[in-house]
Every structure is written in C-alpha cells, then in structure tokens.
Amino acid sequence: MSATLQRAVIINDRSAMVGGASNLAILSARFLASHGVDVVFFAGDEITAPAPVARTINLGCPPLTLQGKAAAFVGGLYNAKAYSALKTLIAEDTPSTIYHVHGWSKILSPSIFRALAPVRSRVILHAHDYFLACPNGGFANFRTNSICTLTPMSARCLGTQCDKRGYHEKLWRSLRHVIRQQLFPTGAEAPNIVVVHERMKDYLVKSGINVGRTHTIRNPVDAFSSSGTAPWLKKSFFFIGRLEPEKGFADAASAARAAGAPLQIIGDGAGRALLERDFPDVIIHGWQNRDGVARLIQDARAVIVSSRVPEPFSLAAVEAVASGIPVIMPSEALIGQEIFERNCGLTFKSGDILSLSEAIRTLHADDTLVRQMAMNCLREGPSLTHTTATWNQALLDLYQSVLASADLQKTG
C-alpha cells in the first residue's frame, strides 16, 4: 500500500513573491498547509514577511546578481551552505515526504541536488524555465534575440556566445549545467518533472533528458474580467512585459506604428529609454500591480506578445484570452498555435515586424473579427489553463502518484 502524503518540502531560491516560480511555490505551500500537510519551505534568501508557511528555512544568501564576482562564481556553482542545510533537513525524511524543487539557479545552486540524490524517487523538478535542459535557461541566443536551434551542450552550443553578459558567463553556466547533471543525472533514469506546457518536452528531449516521468501541469490563471471587456469597441493594442530586447517590445512598437494602431505598454525595464526616444506616441504605464493591469486592460483591443524566445508559458497571453481579449503572438510560442486554432487571436513569425504589423492591421480594421474572437476567448479560455483550485488539486494528485511510484521502486 502506497504512503499517503504527510509532508512536503518546497524548495525555491526565494521566499518572497518576486516572480512566477516563487509566486507558485508559495501558493502551493500555503494550499498544502491549509489542507493539513506538514509543509517546510526551504529558501536561499533572507527572511521575508510574511513567511510562506510557519516553518520556513531561510539561508540568508543574496541573489547571485547582488554578490561579489568571486562569491557569485563559486556559490553559483556550488552553494555549500545550501547543501549542508538541505542535507540536515532530509535527515528527517519519511516515506510520505515529497520534495518539490521550483527554482535553484539564482541562489541555491546545483549543490541541492547532491543532498536530494538519496530521496530522488520522491523529488519533483518543476520546469518553470529551461535550466534543466539549456545552460542559459531559455533556448535563446540573447545576443541575436532569437530562438536557439542548437543541441544544448554540443560543440556548437559551447562555441556560441549566446549569453547576455559575455562568453565567460556562458562558460560558467555550462560548467554549472555539467555539475547539476553529475549530481542529479536526468538521462538514463527518468526524473519526476513538471512542465507548464506539453511542448516543453520536445526541448527536454533535445537535451537528452529522459521524459518518461514528465507531467504537464499548466499554470493557474485568473481572468481580469469574467464577462469580457468589449474589445471591439476599443482602439489600443497592449504590450505587457519586461522591456528587454528578447521580449520584443521594440518589434511591437515598430509594427503598431506601421499598422497605424495606437500602442500602450504595461511594464518597465532597460528599454524604456529607447521607447521614449524613438516612439513618443507609445503610452508607457510602467509596472502595475494586478489591480492596475486589470484596470488598464479594459481599454485593450488586443494584447501583443512579441517575445523572440520560446516562452514556456505566456501568462499575459492566457490572462488576456481568459478575459475575452484577442491575442497576437508568435507561431513559435508554445501556446500560440492553440490560440490561433481556437480563433482567439492571430500568430506571426517571431522577429518578423512585417508579419506582426499585418496581424495588427487585420485586427485594427475589423470590429466584427475582434468581436468574434472575443467571444471565442471567453468560451475557450478555461481549456487553456488551470484555475488555482484545479492547479492545486493536480499537484496533490501528482504527489500521491509519485509516492506510489516510489513505493513500487522500493519493493520492486
């Protein structure tokens, strides 16, 4: 008889809500604790308030980007403090304990996988990004801001400068990848992996990862509006995201200008100065909390997702669709084809400004098409993702399945 989940150790770089992976790690920890599971939240950062759960272990380490070069170089490859603390925690292990790793690349380092190796059968790796498969975590060339088609860690990969900071950083990330693989191999023996979209498996396979125990659990999404926002009556197109080159914000601005359509941007970053200089007609709202986004998005005719890299899960796109707002996004985006097939938006070739401008022009000129797509969005949106409740239940089901599988391995 398989063990019943009694304890969950949630492992993540941060214990504060500072991004998608951290937000979901904390969301799951609090849900499990509210349902009687003994939860330990193991984090690399300093103590935050409020803590995710009653028992939160904080190592007190700053993110690598805030450390000195020497400390970041060494600690990013192998954080000895993280290994020691996690090993001590695992000494309390029971057969009914699950270890769920959400994020490790910003503080914790590959050292945690050395500690986790003895309980490997009950470890779950959550692929919020591609760091399990790709040294730079994105299957992207951040120098050309394009999708990378090379096999990770191949000779061509190692010889290509694709990192934002420099080739030395690429080599360091590659070394980190080798260390993680040595401490927690993912080839011959399949690890328990959660991907946020089915097509992520193709990228994992490309890097030699055994996907025999890979499970798809799409991220939870809450609509900004459950009844729709009548986008066919609006004029502005919206871009939501960081103003970094790989996000394609300049492509969105150039294409909107070519199509004669007004563009508003929710987000901030290093690219803001470029927009203010070259695209003074674009309205920039800066960073907004959820309430702020929900208020502004009421004026959207469509949302543009113009990322030049293969986003594992485009939250902006799915939130827009769930709110009855059509989306324009690259055909290369993992969820792009589904949105197009459900007639909830249009796709274009990543990095092709002409193709993007044509899509914008189409929706800019056709109120009837936008209205039809808006109705399709409200109908089809729920099939694209999870609600918070169904996401938490999917995790519970997975935990129980992993415990059952671990029991079979032990008795087999």
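Reference entry: report on the structure contained in this document. Keep in mind the model is a prediction, meaning the values are calculated, not measured.

Basis of the calculations
Residues numbered from 1 in each chain as written. Predicted model: local features only at pLDDT ≥ 70, side-chain atom pairs only at ≥ 80, totals over all residues. Heavy atoms only, no water. Helix = DSSP H or I, 4+ residues; strand = E, 2+ residues; numbered from the N terminus. Rg over C-alpha atoms; globule rule 2.2 N^0.38 Å. Areas by Shrake-Rupley, 256 points an atom, 1.4 Å probe, with all protein chains shown as cover. Phe/Tyr/Trp six-rings, centres within 6.5 Å; stacked < 30°, edge-to-face > 60°. Buried < 20%, exposed > 50% of the residue type's maximum accessible area, 1.4 Å probe, protein only. Axes fitted to C-alpha atoms, helices over the stretch in contact; angles between N-to-C directions. Parallel < 35°, antiparallel > 145°, perpendicular 65-115°, else oblique. Left-handed = near helix turned anticlockwise from the far one by under 90°. Contact = heavy atoms within 4.5 Å. Nonpolar A, V, L, I, M, F, W, Y, C, P; charged D, E, K, R; others polar. Pairing = 2+ DSSP bridges. Core = buried A, V, L, I, M, F, W, Y, C linked by side-chain atoms within 4.5 Å. Polar contact = N/O pair within 3.5 Å; in protein donor to acceptor, adjacent residues only side chain to side chain. Salt bridge = Lys/Arg side-chain N within 4 Å of Asp/Glu carboxyl O.

### Describing the overall build of the chain
Across its full length, the chain holds 15 helices and 15 strands. The C-alpha radius of gyration of the chain comes to 22 Å, within 12% of the 22 Å expected for a compact globule of 412 residues. Its C-alpha atoms put the chain at 65 × 45 × 40 Å along the principal axes. Accessible surface, the chain: about 17,000 Å² in total, of which carbon and sulfur atoms supply 56%.

### As for the packing of aromatic side chains
Applying the stated criterion to the full structure yields seven aromatic pairs. Judged by centre distance (5.1 Å) and plane angle (45 degrees), the ring pair of Tyr 130 and Tyr 203 falls under tilted. With a gap of 73 residues between them, Tyr 130 in the loop between β5 (123-127) and β6 (140-141) and Tyr 203 in helix α7 (residues 200-206) connect regions that are remote in the sequence. For the pair Tyr 130 and Tyr 203, one class covers both residues: buried.

### Some points on the packing of helix α8 (residues 249-259) against helix α13 (residues 353-365)
As a packed pair, α8 and α13 sit with axes 8 Å apart at the nearest point and diverge in direction by 55 degrees. Looking at the two axes, α8 sits oblique to α13. Two packed elements cross with a definite hand, and for α8 against α13 that hand is right-handed. Note on element contacts: α13 touches α8 through Ile 353, Leu 356, Ser 357, Ile 360, Arg 361 and His 364, opposite Asp 251, Ala 252, Ser 254, Ala 255, Ala 256, Ala 258 and Ala 259. When its residues are assigned to classes, the contact of α8 with α13 shows eight nonpolar, three polar and two charged.

### Here's the deal with the sheet that holds strand β9 (residues 214-216)
A sheet is described by the order of its strands in space; here seven strands give the open sequence β3-β2-β1-β4-β5-β8-β9, paired in parallel fashion. Looking along the sheet, the strands with just one partner apiece sit at the ends: β3 (55-58) and β9. Averaged over all pairs of adjacent strands, the angle between their axes in this sheet comes to 20 degrees, without regard to strand direction. Bridging between strand β2 (residues 38-43) and β3 involves four bridges; their strand directions are parallel. Along β3, the bridge assignment pairs Phe 41 with Thr 56. Together, β1 (7-12) and β2 form the strand contacts of helix α1 (residues 20-34), whose direction differs from that of β1 by roughly 165 degrees. Along the sheet face, helix α3 (residues 80-90) touches β1, β2, β3 and β4 (97-101) and points at about 170 degrees away from the line of β2.

### Section: the sheet that holds strand β12 (residues 283-286)
The strand order across the open sheet formed by six strands is β12-β11-β10-β13-β14-β15, and the pairing between neighbours is parallel. Either end of the sheet is taken by a strand with one partner, and the two such strands are β12 and β15 (345-348). Each adjacent strand pair in this sheet contributes to an overall mean axis angle of 20 degrees, direction not counted. The strands that α8 touches are β10 (236-240), β11 (263-266) and β13 (300-304); relative to β11, the one it contacts most, it runs at about 165 degrees. Contacts from helix α11 (residues 315-322) reach β10, β13 and β14 (327-330) within the one sheet, and its direction differs from that of β14 by about 155 degrees.

### Observations regarding the nonpolar core
Most often, soluble globular proteins have nonpolar side chains that are buried together. One finds Ile 11, Leu 86, Ile 112, Leu 116 and Ile 339 to be the most contacted residues of the largest nonpolar core, which totals 65 residues. Every residue in contact with Ile 112, bar those within four places of it in the chain, is listed here: Ile 11, Ala 82, Leu 86, Val 101 and Trp 104. Among the nonpolar cores identified, the runner-up in size contains 30 residues, and Ala 259, Ala 261, Phe 279 and Ala 374 belong to it.

### So, unusual backbone geometry
Residues Ala 49 and Pro 50 are joined by a peptide bond in cis, for which omega reads -5 degrees. Topologically, Pro 50 is positioned in the loop between β2 and β3. Phi is positive for Met 153, close to 70 degrees, though the residue is something other than glycine. The phi dihedral of Asn 343 is positive, around 55 degrees, even though this residue is not glycine. Structurally, Asn 343 can be placed in the loop between α12 (336-341) and β15.

### Comments concerning the environment of Val 211
Assignment of secondary structure puts Val 211 in the loop between α7 and β9. Given the relative accessible area of 23%, Val 211 is considered partly exposed. If we ignore the near neighbours within four places in the chain, the residues touching Val 211 are Lys 201, Leu 204 and Val 205.

### Quick look at the pairing of β15
In the sheet, β14 pairs with β15 via four bridges, with the strands oriented parallel. By the bridge assignment, Val 327 is partnered in β15 with Gly 345.

### Examining the side chain of His 197
Along the chain, His 197 falls in the loop between β8 (192-195) and α7. At a separation of 3.2 Å, a polar atom in the side chain of His 197 contacts the main-chain carbonyl oxygen of Leu 334. A polar side-chain atom of His 197 sits 2.5 Å from a polar atom in the side chain of Glu 338. Apart from residues lying up to four places away in sequence, His 197 is in contact with Thr 216, Arg 218, Pro 312, Leu 334, Ile 335 and Glu 338.

### A few points about the pattern of salt bridges
Under the criterion given, the structure shown has 24 salt bridges. Arg 290 is the salt-bridge partner of Glu 319, the closest N and O atoms lying 3.1 Å from each other. Pair noted here: Glu 319 is in helix α11 and Arg 290 is in helix α10 (residues 290-296), with a separation of 29 residues, a long-range link. For Glu 319, a relative accessible area of 12% corresponds to the buried category. Because the salt bridges share partners, they merge into one network encompassing Glu 198, Arg 218, Glu 338, Arg 342, Arg 379 and Glu 380.

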